[in-house]
Amino acid sequence: RVPLLWVYAAFESGLMINYPGHGSYPPGYDPRSRPWYRGGRGVRGHHWGAPYRDVSGKTLQLPASRALFDENKTHIGLVGIDVKLVDLAKSLRMESLAGWTRTYLVDSRAMIIVDTGDSAKREHAEDDTLKLERLPIVEVAKHIEAKRRLGTTRRGHQRFAYTRLDVIDWYVVAVIDEDRFRASL
C-alpha cells in the first residue's frame, strides 16, 4: 500500500480544499499554477502527472487527478491525490523475490517515473519538476513503446520482466539477478 499524502479539490476560481489541512500557503500561492493542476486541467478521465516538488520544496510527489466539468462541459477544476515518490518506490521493492535488484515504474514512452535504485537521489534533486529519463534497458524500452502487454528479456546474468498496468498505461519492470535466483531454488 502507498499512503496518500494529500487529497484535494482545486477550482478555476483559485479556491483549493485539501486534506489533511496544514495551515496556510505562502503569499501568492495559486493552485492553478502548480504542475499537478496544469497537467490535469481539462483532461478527460484519470490523469497521472509527472512527479513534481511540493510548494515547500521538500518532497517529490506523484499526482493523480480527474478534471471536473460543468453541465456545459466547461472545465471548472479538478480533484486529485498525491503520493510521495519515495513511498511509491518503497512499495515497488521486491526483497522477498530471490535475486531481485531493482524495479522501475515507467510510462508508455519508457520514461522512468520511479526507480527503486535512485529514489533518494531523485528526492534531493533541486528541480521543481522531475526530469524524466529513458529506461536504460533498450530491449524492454522497445517492447514498451510497441505496447506489448508483458514479457521478459535477458542480458548477461540479468533477467528483465515487465508488465503493463492497464489503469494508467504504465509498466512495472523488475530486474532479477538470475544467478541469485537460481541459487535460491
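Refer to the structure above for everything that follows.
For every chain, the first residue of its written sequence is number 1, and the numbers climb from 1 along that sequence. A pLDDT threshold of at least 70 governs which residues receive local features in this predicted model, and a stricter bar of 80 or more applies before side-chain atom pairs are shown or counted, although totals over entire chains, interfaces and linings include all residues. Note that water and hydrogens are dropped before the side-chain values are worked out from all heavy atoms of the structure.

*Asks:* So what about the nonpolar core? Which residues, and what values?
*Replies:* Counting 14 residues, the largest nonpolar core has Y104, V106, L135, I137, V140, I144 and V173 as the members making the most contacts within it. The secondary structure listing takes helices from DSSP runs of H or I that are at least 4 residues long and strands from runs of E that are at least 2 residues long, numbered from the N terminus. Listing elements by their share of this core, those giving two or more residues are β7 (100-106), α4 (138-145), β10 (158-165) and β11 (170-177). Discounting chain neighbours no more than four positions away, the residues touching V106 are M111, I112, I113, L135, I144, W170, Y171 and V173. Residue types Ala, Val, Leu, Ile, Met, Phe, Trp, Tyr and Cys, when buried and joined through side-chain atoms within 4.5 Å, form a set referred to as a nonpolar core. Each residue is placed in one exposure class: buried if its accessible area under a 1.4 Å probe, protein chains only, is under 20% of its type's maximum, exposed if it is over 50%, and partly exposed if it falls in between. In this structure, L60, A89, V114 and V172 belong to the second largest nonpolar core, which totals 13 residues. Residues count as neighbours in contact if any of their non-hydrogen atoms are within 4.5 Å of one another.

*Asks:* Talk me through the sheet that holds strand β9 (residues 150-155); I want residue IDs and the actual numbers.
*Replies:* Any two strands with at least two DSSP-identified bridges between them are counted as paired. Spatially, β8-β7-β11-β10-β9 is the arrangement adopted by the five strands of the open sheet, whose pairing is antiparallel. If you trace the sheet from one side to the other, it starts and ends with β8 (112-115) and β9, each paired once. Between one strand axis and the next, the sheet turns through 20° on average, direction left out of account. Bridge count between β9 and β10: six bridges; the pairing is antiparallel. Looking at the pairing, R154 lines up with R159 of β10. Here an axis means a line fitted to C-alpha atoms, over the contact stretch when the element is a helix, while the angle between two N-to-C directions is reported on a 0 to 180 degree scale.

*Asks:* So what about a nonpolar patch on the surface? Which residues, and what values?
*Replies:* A patch consists of residues whose relative accessible area exceeds 30% and which take part in no salt bridge; residues with like charges are grouped when within 9 Å of each other, and nonpolar side chains (Val, Leu, Ile, Met, Phe, Trp, Tyr) when within 5 Å. Every accessible area reported is derived by Shrake-Rupley at a probe size of 1.4 Å, with residue values counting cover from the shown protein chains alone. Should a side-chain nitrogen of Lys or Arg be within 4 Å of a carboxyl oxygen of Asp or Glu, the pair is scored as a salt bridge. Nonpolar side chains collect at one region of the surface, where L4, V7 and Y19 lie side by side and expose about 320 Å² of accessible area between them. Structurally, V7 can be placed in strand β1 (residues 6-11). Exposure remark for V7: the relative accessible area of 37% places this residue in the partly exposed category.

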